[in-house]
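Observations on chain architecture
The chain contents come next:
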Amino acid sequence: MSDFQNLRGRHVLLVEDMIDTGRTMSKVVPHLRQYVGETGSVRVCALFQKRTPLSCGFEADFTGFTIPNRFVVGYCLDYNEAYRDLNHVCVINDAGIEKFRDWIHRE
């Protein structure tokens, strides 16, 4: 018996920081639905959903914000391990990308 069998009849909520193209969730959700059965459910909650032409069409059931197709950092979203400690979310500009392009965080 796999661990997935324990999902039978359960209501599963997947929580994501960001839905970008939606390809991952478009594969994960149907896979999990086969285990929860008809009495259970699989739903997705995302803080951000990008508006991108690369989207496969997947939309979260619950979305905090839809954002443009830009690279965002802050509030635990990082670029090469940088900027994740910001207490806000912002679009990273070209100078920020260049500064940390090859940067590896070391403590």
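Provided above is the structure to which this section pertains.
Presented here is a report on the structure given in the accompanying data block. (Residues numbered from 1 in each chain as written. Predicted model: local features only at pLDDT ≥ 70, side-chain atom pairs only at ≥ 80, totals over all residues. Heavy atoms only, no water.)

A short note on the environment of Phe-62
Operational definition: For the purposes of this entry, the term helix denotes a DSSP run of H or I that reaches at least four residues, the term strand denotes a run of E that reaches at least two, and both are numbered from the N terminus. Contacts are assigned to residue pairs with any non-hydrogen atoms lying within 4.5 Å of each other.
Within the fold, Phe-62 resides in strand 3 (residues 62-68). C-alpha of Phe-62 to C-alpha of Cys-45: the two residues are 17 residues apart in sequence and 4.6 Å apart in space. Residues in contact with Phe-62, not counting those within four places in the same chain, are Leu-13, Arg-43, Val-44, Cys-45 and Ala-46.

A short note on the nonpolar core
Our working definition: Only buried residues count toward a nonpolar core. Its members are Ala, Val, Leu, Ile, Met, Phe, Trp, Tyr and Cys residues joined through side-chain atoms within 4.5 Å. When accessible area is computed with a 1.4 Å probe and restricted to protein chains, residues below 20% of their type maximum are described as buried, those above 50% as exposed, and intermediate ones as partly exposed.
Of all hydrophobic cores here, the largest spans 12 residues; its members are Val-12, Leu-14, Ile-19, Met-25, Val-29, Leu-32, Val-36, Val-42, Val-44, Ala-46, Phe-58 and Ala-60. For this core, the elements supplying multiple residues, two or more each, are strand 1 (11-19), helix 1 (23-36) and strand 2 (41-51). Not counting residues up to four positions away in its chain, the partners in contact with Met-25 are Leu-14, Glu-16, Ile-19, Pro-30, Val-44 and Phe-58.

Notes on the pairing of strand 2
Threshold: If DSSP finds at least two bridges between two strands, the strands pair. Handedness of a crossover is defined as follows: orient the strands so they point away from the viewer, and if the path from the first strand over the helix to the second runs clockwise, the crossover is right-handed.
Bridging between strand 1 and strand 2 involves eight bridges; their strand directions are parallel. Bridge pairing in strand 2 places Leu-14 opposite Val-44. For the segment spanning strand 1, helix 1 and strand 2, crossover handedness is right-handed. Bridging between strand 2 and strand 3 involves six bridges; their strand directions are parallel. Looking at strand 3, one finds that Phe-48 is bridged to Phe-65.

A word on unusual backbone geometry
The backbone of Glu-81 sits at a positive phi, close to 70°, despite the residue not being glycine. As for its placement among the helices and strands, Glu-81 is situated in the loop between strand 4 (72-73) and strand 5 (90-91). The backbone phi angle of Tyr-83 is positive, close to 75°, even though this residue is not glycine. Along the polypeptide, Tyr-83 turns up in the loop between strand 4 and strand 5.

Focus: the side chain of Thr-21
Inclusion rule: Any pair of nitrogen or oxygen atoms within 3.5 Å is treated as a polar contact; in protein, a donor-acceptor pairing is required on top of that, and neighbouring residues in sequence qualify only through side-chain atoms on both sides.
One can find Thr-21 in the loop between strand 1 and helix 1. Here Arg-23 takes part through its backbone nitrogen, which lies 3.4 Å from a polar atom of the side chain of Thr-21. When near neighbours in sequence (up to four residues on either side) are disregarded, Thr-21 contacts Leu-54, Ser-55 and Cys-56.

A look at the sheet that holds strand 3
Convention followed: Under this scheme, a helix contributes an axis fitted over its contacting stretch, all axes are lines through C-alpha atoms, and angles between N-to-C directions fall in the 0 to 180 degree range.
Read across the open sheet, the three strands follow the order 1-2-3; overall the sheet is parallel. On the outer flanks of this sheet lie strand 1 and strand 3, each paired with one strand and no other. Averaged over all pairs of adjacent strands, the angle between strand axes in this sheet comes to 15°, irrespective of strand direction.

Thoughts on the pattern of salt bridges
Heads up, the condition is: Criterion for a salt bridge: a side-chain nitrogen of Lys or Arg within 4 Å of a carboxyl oxygen of Asp or Glu.
The final tally for this structure, using the stated rule, is five salt bridges. A salt bridge links Asp-20 to Lys-50; its shortest N-O distance comes to 4.0 Å. A residue pair is termed long-range when its members are at least 10 positions apart, and Asp-20 in the loop between strand 1 and helix 1 and Lys-50 in strand 2 qualify at 30 residues. Lys-50 sits in the buried class, given a relative accessible area of 11%. Measuring nitrogen to oxygen at the nearest pair gives 2.8 Å for the salt bridge that ties Asp-78 to Arg-84. Residue Arg-84 is classed as partly exposed on the basis of its relative accessible area, which comes to 33%. Salt bridges sharing partners connect three or more residues here, namely Asp-78, Glu-81 and Arg-84.

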